[in-house]
Amino acid sequence: MISVNYYDPELGGWQQQQVSRLPANARHTPPLWLDLQQASAAEEQQLLQDLGIAATMAEDFSKTRHPPKFEAVGDFNLLILRAYADADFSELTENAQLNLLFSQDILITKLHCSQQLLRSQLQPQLTQPGNNPISDWVKQLTLTVSASYLEKLLVFEDELGELEDRMLHKGNDELMTMMMRYRSVLRKVSRNLAYQKDLFADALFEEQHSLLRRFALADLRDFYEKFERLHSMTEMYYDQLSDLVQGYLSTTSHQINERMKVLTMVSSIFIPLTFVAGIYGMNFSNMPELELEWGYYLTLGFMLAVGLGSLIWFKHLKWW
Amino acid sequence: MISVNYYDPELGGWQQQQVSRLPANARHTPPLWLDLQQASAAEEQQLLQDLGIAATMAEDFSKTRHPPKFEAVGDFNLLILRAYADADFSELTENAQLNLLFSQDILITKLHCSQQLLRSQLQPQLTQPGNNPISDWVKQLTLTVSASYLEKLLVFEDELGELEDRMLHKGNDELMTMMMRYRSVLRKVSRNLAYQKDLFADALFEEQHSLLRRFALADLRDFYEKFERLHSMTEMYYDQLSDLVQGYLSTTSHQINERMKVLTMVSSIFIPLTFVAGIYGMNFSNMPELELEWGYYLTLGFMLAVGLGSLIWFKHLKWW
Amino acid sequence: MISVNYYDPELGGWQQQQVSRLPANARHTPPLWLDLQQASAAEEQQLLQDLGIAATMAEDFSKTRHPPKFEAVGDFNLLILRAYADADFSELTENAQLNLLFSQDILITKLHCSQQLLRSQLQPQLTQPGNNPISDWVKQLTLTVSASYLEKLLVFEDELGELEDRMLHKGNDELMTMMMRYRSVLRKVSRNLAYQKDLFADALFEEQHSLLRRFALADLRDFYEKFERLHSMTEMYYDQLSDLVQGYLSTTSHQINERMKVLTMVSSIFIPLTFVAGIYGMNFSNMPELELEWGYYLTLGFMLAVGLGSLIWFKHLKWW
Amino acid sequence: MISVNYYDPELGGWQQQQVSRLPANARHTPPLWLDLQQASAAEEQQLLQDLGIAATMAEDFSKTRHPPKFEAVGDFNLLILRAYADADFSELTENAQLNLLFSQDILITKLHCSQQLLRSQLQPQLTQPGNNPISDWVKQLTLTVSASYLEKLLVFEDELGELEDRMLHKGNDELMTMMMRYRSVLRKVSRNLAYQKDLFADALFEEQHSLLRRFALADLRDFYEKFERLHSMTEMYYDQLSDLVQGYLSTTSHQINERMKVLTMVSSIFIPLTFVAGIYGMNFSNMPELELEWGYYLTLGFMLAVGLGSLIWFKHLKWW
Amino acid sequence: MISVNYYDPELGGWQQQQVSRLPANARHTPPLWLDLQQASAAEEQQLLQDLGIAATMAEDFSKTRHPPKFEAVGDFNLLILRAYADADFSELTENAQLNLLFSQDILITKLHCSQQLLRSQLQPQLTQPGNNPISDWVKQLTLTVSASYLEKLLVFEDELGELEDRMLHKGNDELMTMMMRYRSVLRKVSRNLAYQKDLFADALFEEQHSLLRRFALADLRDFYEKFERLHSMTEMYYDQLSDLVQGYLSTTSHQINERMKVLTMVSSIFIPLTFVAGIYGMNFSNMPELELEWGYYLTLGFMLAVGLGSLIWFKHLKWW
Ligand SMILES: [Mg+2]
Ligand SMILES: [Mg+2]
Ligand SMILES: [Mg+2]
Ligand SMILES: [Mg+2]
Ligand SMILES: [Mg+2]
Ligand SMILES: [Mg+2]
Ligand SMILES: [Mg+2]
Ligand SMILES: [Mg+2]
Ligand SMILES: [Mg+2]
Ligand SMILES: [Mg+2]
Ligand SMILES: [Mg+2]
Ligand SMILES: [Mg+2]
Ligand SMILES: [Mg+2]
Ligand SMILES: [Mg+2]
Ligand SMILES: [Mg+2]
Ligand SMILES: [Mg+2]
Ligand SMILES: [Mg+2]
Ligand SMILES: [Mg+2]
Ligand SMILES: [Mg+2]
Ligand SMILES: [Mg+2]
Ligand SMILES: [Mg+2]
Ligand SMILES: [Mg+2]
Ligand SMILES: [Mg+2]
Ligand SMILES: [Mg+2]
Ligand SMILES: [Mg+2]
Ligand SMILES: [Mg+2]
Ligand SMILES: [Mg+2]
Ligand SMILES: [Mg+2]
Ligand SMILES: [Mg+2]
Ligand SMILES: [Mg+2]
Ligand SMILES: [Mg+2]
C-alpha cells in the first residue's frame, strides 16, 4: 500500500489515503507526500515508472543498503541519507537509511529503520504548507539525520574523557575490548558522515548544482557544516582511541620490563645459590668438604660473596 | 581463430563465424563482436593492424596483465577492466582481466579468466540490437565486473564482523594468519578498484572525454559510483583488519604483563625461601643452627616474615 | 542585561549603558559595541531578531560550543574563534570561545571563558575610534586569540626538549602518562587551530570574500600565517610525542630482550644442574652411586661439563 | 674525448668520431649524437658553453647524482632519468643515471652506470634515421629505463608471495632482515619512480609543455602510465612488506603470550611445592612433623591439594 | 650601529660606514647593503619606519624566530630563510635564520647565527655590481642556505646506510637513542624545508608573483627544485629511520620469543623433576618408597619418562 498525504485547504488539514497505485490526477494537488514504507516492491516499481523516474535513480532508490548519495535527473532529485539509530557507539546494529525522491511538488520517502523513536522523527512534519513545502520537509529530515549523530557524539566525548583517565590509571582487557569496539563503529560512522559531508560540499562548490535550485545557499552551507563538524569529531575521537591503544601498549611494555627486571635479578641471584646449597645437600659418602670444621661457614661466605657480587653487577648495569 | 558475431536481420538472429583473418567487408555490417579468446598472437596482431589501431593501444590491448585503464585514439576506445574471480578474499589466485577495444560499430574482446562461471558472465549478451548496441554491451560488461566484487564484499562484511568478535574474545594464531591473508588480498583488490574508480572519475570530470560520446552521463556516474563504493568498502575492511591486528597486539601485551606479574611474584617469594630451605638441607657436619631446639621454628618464622614482607612490598608497588 | 558601549564625542570618552532591549535609534551612533556577556537567552534572541540577523547565523552565534567558523549574510559577519585558556597542555579544561557578530557599525560579542586573565584580554580595547573601529576591534581580538596559543606553545617546546632527553635517558610510567595527556590535548588544539587556519585561508583564496571588505589583505595574510604557524607547530609537537612513544616502545622491548637473555641463560644452566644435585640429595637406601669413592667428584665434573657446554652453546648462538 | 655519431647518407651508415672539441660546423649535419661518456669535465663544460646551454641546465646535466627531472630553456631540453641497475631489490648499489640534453637536431648523453648489460641497453639505437630521429632515441631510452624496473618488479612479486607464505608459516630473523632490506630499497626506488612519474604527468597536464612539441600525446601518456604503474606497484609491495612486518610482530607477541602462560603455570605450581619439599628436606634435629607416622602422606596430600587448587584457579582465570 | 655598504665607482671598491641612523640621501646610491647585525632594536625600528616598510612586514623582519616566509608590500620584499648550522643531525642547537628585506636598490639583512663559518658564508659577496646587484645577492644567499643542508644530508646518507647495517646485524640501546635523536632533528628540518619549498613553489605557480619581477624563472625553478629535493631527501631519511625503529621492534620481539621458548622448555621439564627429587629428599621417618630396592631406579625411570614426554609434547607443539 502506498500512503498518500495531501493538504486539503477546505478541510484545513492533512488527509491520508492508502492506494495500491497512484491515480493519474494525483500530481495535480501539490504538495504531495508519498510514503512507501508499506509499499510492496511491485507497487514501488510501478510508482517510479509512472512518475518517469530515470532507471539508475529508481534502482538506487529501491536499495535497502546504499551509501549516502545525491543525484538529479530531470525534475527529480534522489537523496539517500543515513542516520544513527543505536544508543551509543559500542555496537552498530543497523544503518538507518532514509531514501528520498523529490521534485517541486512531490516527496517520496522510503525509510529503513527498526528503531522506534528515530522512525517517528524521520517523518515529514505535517504543518500548514509554506512557500516551499517539499524543501522544508527535506530540510527538516536532513537536520533530524544530523541530530541523530550529534547527540550521541556529545555523550561520547565525556565517555572518552573518562575512558582516557581509566586507561592511563590502570588499563585492563575489558577497557581494551571496549575501545576496539568503539573504533570499529566510529570507522563505519565516519564513512557514512564523509559521504554526507561530500554530498553537500558538492552542492556548495559546483555551480548550477540541482540542490541550489531547491535550497537557500545558507541552508546548504548549514547542512555541509553540520556534517563536516560531525565527521571531524568522529575522526578525532577515533584517532584519540588509537592514541590510547598505542599508549597502552607502550605502558604495558614498560611494566613488563619492570617485572622482568625484578624476576631476572631474583632468579639470577638465588637460583645459582640454591644450586650450591643443593650440592652440599647431596648424600655422597665421600664428600670431604662436609667434614671440614669451617666448611659450612666458608660456604655461607662464598654464597654471600656471590650474592653481593651479582647485586653490584646489576647496579653497575643500572638495573636499579 | 577469430570468432566473428554479427546480427542477421533476415534470419532474425545472431550468427557466429570462425575466421583466421577478418574479411575486408566485415566493417560494413555493424554491430560486430569479435571475440579473440581463441585467436593466436599473430592473428590478433594482424587484426589490430587491419583495423588501424594505434600502436600504444594495440600493445596494451595485447597484454595479459595490465592494470585497468582507458584510452582513446581516433575512432577506437581501449578499456581494460579487472573482475574478481576468486570465491572469497583468503587468496588471490588470478586477476581476471577483460580487454575491450570498441568503436561505434565494433567490439573486440579478449578475456583472461580461468574461472568458469565468471567467464560465461563476461560475454556480451546477444539480444536484439538496440540504438547503441556496442555501448549496451560495454555497459553490461562493466556492470558484471563491478558485481563480481560486490557479491564477495557483502559476504565478507559478515565474515569480518564474526572475525572481530572472535578476535576480541579469544584470538589465536590461525585467525591472525587469516587476517594477514585477507589484508594482503584486499590491498591488491583496492589497487584494482582504485584504477577503475579513477578511470570513470576522469570521464566525469574532464570535458569532452571520449566516454561521454558513447555513454549517457547518468551511466558514467553510475559506473563511477559503483567502483567508488567498492573501493571505499575495500579500504574500510582493510583498515578494520589493521585495527584488529593492532588491538590484538595491545591485548596480548596486556596478558603477557598479567602473567609476568604472577610469575614474578611467585618466583620472587618462593625462590629465595627455597634457597633458605636448601641451606639447612646441606649435610655439613658442623652446622650449629641445626642442633638448636628452636632452630626449625625460628627458620619457619623467618621464612614467613620474608614471604609476608615480599607480599606487602608487591602490594605497595600496586602489583595487585 | 545587554551592555551597550558607544563613544560620546562631546564627552570625549566611552559610555556604557545597561539595557534589556536595544532602543530603535541605537544603530545611528556607530561604532557600537554590544556585550552580551550578561544578556539572557531571551534578550539575546530578541536583539538578533531586531537587527535582522539571518536564522542560521543567529543559531550559531547563540551556541556555547561551536568549532571556529566564519559566515556572512547581508551586512553582518559571524566569526567564532577559540582561544587557549589553560596554563599548559597537560589538560584541556575548557574551550574559551569568542562569538563575534559585526557589521560596518556594530560589534556584538559573547565570550565563553572562565579564565580570569584571558577574559579581560578578550575585550575590545576602548580607545579613540579610528577609520575602521569595528575592524580594529576584531583584529585586536583575533591577535589576542592567536597569542593565547603561541605563548603556551613556545613554553611547551622547551618542555618537550627536556621530556625527550629524560625519555631517551630513562623513561618511566609517569612520563608516559604525561606524554599521553599532552598528545590528547594537542590533538584537540590542532583541530581548533585547523578550523581557524582554514577560515582565513578561505578569505585569502576566494575572490570577493566578505572579510576582504573589512580587512586589508596584509592583515588577513597575517591572521592566516599566525594560525598556520600555530597549527604546524602543534602538529609537529604531536608527531614528536608520537615518535617518542614509539621509540620508547622499541627501547623497552630491547631491554626486555636483554633481561630475558640473562634470565634464560642463568635458568638454563642452573636449573638442570640443581635437578642433578637434587637427585643425589634423595634419601633412597639403595643408591649405589652414593657409595662410589669418586662419585662426588664424577658428579661435580659432569655438572661442570654440562655448565660449560651450555655456556659454549649460548656463545655459539651469539647470545653474548 | 667526445664521441660524435652522425649518419652519412652516402655511405648509408653511422660514423663515429672522437673529438676533444666539437667543430663549428657540427650542428649542420643532424641528427647528431654526442656521447660524453669519455669526455673530461673540462670538455663537457666547453661543449655545453659552445652550444649556448643555459647555466642552471648545464649545472644539472653535469651532476652525477640528481633526482629525475625535466627542464626546457630555449631550444634545448634536459631530461635526467634513473634506471634500476641491480639484479633484485635486496640491495641498491648504485643509481644508474642517464642525463640527456636534446634539441631538434642534437642528442647529448652522459650515462652513469657501472652495470655492463644495462649500460649497453642505454645507448641510442643507430638505425636509419626517421622523421624525428632525436625523439625516437629519447623514446627508446625512456622505455628502456622503464623496462629496467618492470622486469625486476615482476620477479619480485613472486618472491614476495613466497616470502609471505614463509613468514605466515614460520618467520625467522633472516627473513625479517631480508624484509627490512627490501623495504629500504623499495623506498628509494619509489622516490625515483615518483619523480619520473610526476615529470611526465606535468607534460600531460600542462598546456604548451615543451615535451608536447617533441612527442605525440599518445607517447607521453604511455611514458606516464608506465612510470605510474611502476610506482604504484613499488608502493604496494612496500606496503605489503610493512603489513608483514607488523603482522609478524602480532604473531610473535601472541606466541610469547602462549609460552608465558605455560611457564607461569608450571612455575606457579611447582616452585611453591618444591619449597615445601625443601622445608622437610632440612636437617634440623628437632622437626616433630618428620616423626609423625602420617607426616609424609599428609604432606603429599597437602601438596596435591595446593597443586590442584592452583590448576583450578588458572582454569577459573581462563588461562587454558 | 647600522653598517652601510655601498659601491664607490671612483675608488672602484666597496665602502663600509657605521651609522646609527640612515641619512636621508642614502637611498640615492644603489646598490646599498644595510647590515643590521649590530643594530639595536630601536635603530632597526627607526630604519624600517624611515624606509616606509609596512607594519606586518616590519614586525616579521624583527623577529628572531619565525618560520621561513616571503611577503611583498609596495616596493619591498621580505624573505626569511633558515639555514642548517649544526655539524650533523644528532642535535639541533639553533635555527640559523636570515631575515632579508629588499627592494630594487637596497638589501637589508639581519642574520641570527652563532656558528662562525656559516655566518661568514651568509654575507652578500661584495663584487663589482652587475645589472641586478640586489637579486644577485639574494640568489647567492639562497643558494648558500640550500647548500648548508645539502652537504650535511649527503654525509648523513652514508651514515644512515651504516646505521642500517649495524641495526640489522646487532642493534643496541645506544643506536636506538641515536636514531630517536636523528628523527627528532629531521622532523624539525623537514618543517623548515617544507616552508622554504612552498615559498618558491608559490612564486612558480602564482601568476604575477613579486619574485617573478626580481628573478629569472629559471632561477626560481632552481631554488624550488633545490629545496624540494632537500625536503624529499629529509622525509625519506626520516621514514627510513622509522622503518628501522619498527623493524628493530619486530626483530627484538622475535628474539624474546626464541629465548622464551628455551626458558619455558627448560623450566617446564626440570622444575617438576626437581620437585620430585625434592620429595624423595625429604627426611620423613616413614617413607616406604625409600626402602624399596628398585625405588631409586623406578624414580629415575619415572623422571626420564616425564622428561621425554615433555620433550615430545613440545615437539608436537612445534616449539622446536
Ligand atoms: Mg575513514
Ligand atoms: Mg576531518
Ligand atoms: Mg583516519
Ligand atoms: Mg582529521
Ligand atoms: Mg595516531
Ligand atoms: Mg601502532
Ligand atoms: Mg592502495
Ligand atoms: Mg576511499
Ligand atoms: Mg589505506
Ligand atoms: Mg579511506
Ligand atoms: Mg588504522
Ligand atoms: Mg588532527
Ligand atoms: Mg600542518
Ligand atoms: Mg605537518
Ligand atoms: Mg597528524
Ligand atoms: Mg610518526
Ligand atoms: Mg606504532
Ligand atoms: Mg616515498
Ligand atoms: Mg601510487
Ligand atoms: Mg599507493
Ligand atoms: Mg608510502
Ligand atoms: Mg606504510
Ligand atoms: Mg598499512
Ligand atoms: Mg604497529
Ligand atoms: Mg613534517
Ligand atoms: Mg617529499
Ligand atoms: Mg614527502
Ligand atoms: Mg612524514
Ligand atoms: Mg613509515
Ligand atoms: Mg609502527
Ligand atoms: Mg607497534
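Every chain is numbered independently, its residues counted from 1 as its sequence is written. Chain labels run from A onward and ligand labels from 1 onward, assigned in the order the entries are written. Only residues with pLDDT of at least 70 are given local features in this predicted model, and only at 80 or more are side-chain atom pairs given and counted; all residues enter the totals for whole chains, interfaces and linings. Note: side-chain values were computed over all heavy atoms of the structure, leaving out hydrogens and water.

Per an unreviewed UniProt entry, chain A goes by the name Putative magnesium and cobalt transport protein CorA and belongs to Alishewanella jeotgali KCTC 22429. UniProt positions are given in the numbering used here, feature names are shortened, and annotations may be inferred rather than shown by experiment. Per UniProt, chain A has the following entry under Catalytic activity (unreviewed entry): "Mg(2+)(in) = Mg(2+)(out)". Under Subcellular location (unreviewed entry), UniProt gives the following word-for-word description of chain A: "Cell membrane".

Student: Before we move on, can you summarise the interface of chain C and chain A with the specific residues and values?
Tutor: The contact criterion used is simple: two residues touch if any of their non-hydrogen atoms lie within 4.5 Å. Every contact between the two is made by 57 residues of chain C and, on the other side, 53 residues of chain A. The term buried area refers to how much accessible surface (probe radius 1.4 Å) is lost by two components on association, counted for both of them together. When the two sides are added together, the surface that chain C and chain A hide from each other amounts to roughly 4,900 Å², 57% of it contributed by carbon and sulfur. Together, Arg65, Arg259 and Tyr296 of chain C form the three largest contributors to the area buried by chain C at its contact with chain A, with a combined 16%. Here a salt bridge means any side-chain nitrogen of Lys or Arg lying within 4 Å of a carboxyl oxygen belonging to Asp or Glu. Our count for the contact surface shared by chain C and chain A stands at eight salt bridges. Across the salt bridge formed by aspartate 243 of chain A and arginine 187 of chain C, the nearest N and O atoms sit 2.8 Å from each other. N or O atoms within 3.5 Å of each other form a polar contact, as long as, within protein, one can give a hydrogen and the other can take it, and as long as residues adjacent in sequence are counted only when both atoms are side-chain atoms. Counting across the interface, chain C meets chain A through 25 residue pairs in polar contact (both at pLDDT 80 or more). A run of H or I in DSSP counts as a helix once it spans at least four residues, and a run of E counts as a strand once it spans at least two, with each numbered from the N terminus. When contributions to the side of chain C that touches chain A are tallied by element, the ones reaching two or more residues are helix 2 (55-61), strand 4 (69-73), helix 5 (173-205), helix 7 (217-279) and helix 8 (295-316) of chain C. The greatest single-element share of the side of chain C that touches chain A, amounting to 19 residues, is contributed by helix 7 of chain C.

Student: Tell me about the interface of chain A and chain B, residues and numbers included.
Tutor: Facing the 57 residues of chain A at the interface are 54 residues of chain B. At the boundary of chain A with chain B, total buried surface from both sides reaches about 4,900 Å², with 57% on carbon and sulfur atoms. Here chain A and chain B share eight salt bridges between them. Across the salt bridge formed by glutamate 157 of chain B and arginine 65 of chain A, the nearest N and O atoms sit 2.6 Å from each other. On the surface where chain A and chain B come into contact, there are 25 residue pairs in polar contact (both at pLDDT 80 or more).

Student: Go over the packing of helix 7 (residues 217-279) of chain E against helix 9 (residues 295-316) of chain E, please, and point to the residues and values.
Tutor: All names here are of chain E. Here helix 7 crosses helix 9 at 160 degrees, and the two axes come no closer than 10 Å. As summarised for this structure, helix 7 and helix 9 are arranged roughly antiparallel, according to the angle between their axes. Between helix 7 and helix 9 the crossing geometry is right-handed. Contacts between helix 7 and helix 9 involve Thr264, Met265, Ser268, Ile269, Leu273, Val276 and Ala277 from the former and Thr299, Phe302, Met303, Val306, Gly307, Ser310, Leu311 and Phe314 from the latter. Here the residues of the contact of helix 7 with helix 9 sort into 10 nonpolar, five polar and no charged. Axis definition: a line fitted to C-alpha atoms, limited for helices to the stretch in contact. Angles are taken between N-to-C directions and run from 0 to 180 degrees. Throughout, the term roughly parallel applies to angles under 35 degrees, roughly antiparallel to angles over 145, roughly perpendicular to angles from 65 to 115, and oblique to all others. The hand of a helix crossing depends on one turn: near helix anticlockwise from the far one by less than a right angle means left-handed, and clockwise means right-handed. Note on residue classes: Ala, Val, Leu, Ile, Met, Phe, Trp, Tyr, Cys and Pro are nonpolar, Asp, Glu, Lys and Arg are charged, and everything else, Gly too, is polar.

Student: Break down the relation of the copies chain C and chain A for me, with residues and values.
Tutor: Superposing the copies works by least squares over the C-alpha atoms of residues that have pLDDT at least 70 in both of them. For the pair chain C and chain A, the superposition axis carries a translation of 0.0 Å, the fit reaches an RMSD of 0.1 Å, and the rotation angle comes to 72 degrees. Here the copies are linked by what is in effect a five-fold axis. Using C-alpha coordinates, one finds that chain C approaches the rotation axis most closely at glycine 281 of chain C, a distance of 4.8 Å.

Student: Which residues make up the UniProt feature "transmembrane region" (unreviewed entry) in chain A, and what values do they have?
Tutor: Residues and elements named next belong to chain A. Residues annotated by UniProt as "transmembrane region" (unreviewed entry) correspond here to residues 262-282 and 294-314. The span residues 262-282 is 86% helical and 0% strand by assignment, and the distance between its end C-alpha atoms comes to 30 Å. Secondary structure content for residues 294-314 is 95% helix and 0% strand, and the end C-alpha separation is 30 Å.

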